[in-house]
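Secondary and tertiary structure notes
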Amino acid sequence: MVTKKKRTRVWTSEDRAAHRVFEKSRREAFNDSLIDLARRVPSLAGTRRLNKHLIVNHSIARLHSQRQLCLSAANELSHLIHERDELLAEVNQWRSASGAPFTPRQARPVGKHLQTL
């Protein structure tokens, strides 16, 4: 079996300085994103001392609660659409039974956002 020897790189002082600058900008961008995320989580509004662990945990909890809320809303909307269709069929049936000429009412199609929900 042939084992590969790990390549060692000789770092010059310029390489190390460039790497430090790159890493510093990467850390700052990450921290700025975390602060932005923390601003978007209402449960962190009154928190004086934020840390990464707290921000991530509260963000996950918020995401789960928002998902549950969306699922509940989708379920309620589904029931409302079903009820609308039943009522529309009943209205069309009553109009038809009246003997007066009429154009049957059609339900508007459900939009793509509602279908996605």
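Just above, that's the structure.
Residues numbered from 1 in each chain as written. Predicted model: local features only at pLDDT ≥ 70, side-chain atom pairs only at ≥ 80, totals over all residues. Heavy atoms only, no water.

Moving on: the packing of aromatic side chains. Counted by the stated rule, this structure contains zero aromatic pairs. A cation over a ring is seen here: Arg9 above Trp11, with NZ or CZ 4.8 Å from the ring centre. (Phe/Tyr/Trp six-rings, centres within 6.5 Å; stacked < 30°, edge-to-face > 60°. Lys NZ or Arg CZ within 6 Å of the ring centre and 35° of its normal.)

If you look at the biggest cluster of nonpolar residues, it comprises five residues: Leu34, Ala38, Val41, Leu44 and Ile55. Excluding anything up to four places from it in sequence, Val41 contacts His58, Ser59 and Arg62. (Core = buried A, V, L, I, M, F, W, Y, C linked by side-chain atoms within 4.5 Å. Buried < 20%, exposed > 50% of the residue type's maximum accessible area, 1.4 Å probe, protein only. Contact = heavy atoms within 4.5 Å.)

What follows concerns the packing of helix α1 (residues 13-39) against helix α2 (residues 52-98). The geometry of α1 relative to α2 is characterised by a closest axis approach of 10 Å and an angle of 45° between their N-to-C directions. For the element pair α1 / α2, the angle class is oblique. Crossing of α1 against α2: the hand is left-handed. Residues Phe30, Asn31, Leu34, Leu37 and Ala38 of α1 form the contact with α2, whose own contacting residues are Lys52, Ile55 and Ser59. Its residues assigned to classes, the contact of α1 with α2 comprises five nonpolar, two polar and one charged. (Axes fitted to C-alpha atoms, helices over the stretch in contact; angles between N-to-C directions. Helix = DSSP H or I, 4+ residues; strand = E, 2+ residues; numbered from the N terminus. Parallel < 35°, antiparallel > 145°, perpendicular 65-115°, else oblique. Left-handed = near helix turned anticlockwise from the far one by under 90°. Nonpolar A, V, L, I, M, F, W, Y, C, P; charged D, E, K, R; others polar.)

What follows concerns α1. In this model α1 runs 39 Å from its N-terminal to its C-terminal C-alpha over 27 residues, within 8% of the 39 Å that 1.5 Å per residue would give. On the buried face of α1, the contacting elements are α2. (Expected span 1.5 Å × (residues − 1).)

To continue, consider the side chain of Ser59. On the secondary structure map, Ser59 appears in helix α2. Contact partners of Ser59, with chain neighbours within four places excluded, come to Leu37 and Val41.

Between its first and last C-alpha, α2 extends 68 Å over 47 residues, near the 69 Å set by a 1.5 Å rise per residue. Taken together, the buried positions of α2 are occupied by Ile55, Ser59, Leu88 and Asn92. Buried residues along α2 sit against α1. Looking at where α2 begins, the residue whose side-chain oxygen comes 3.1 Å from the main-chain nitrogen of His53 is Asn51. Remark: Gly99 follows α2 within two positions and exhibits a positive phi of approximately 85°. (Polar contact = N/O pair within 3.5 Å; in protein donor to acceptor, adjacent residues only side chain to side chain.)

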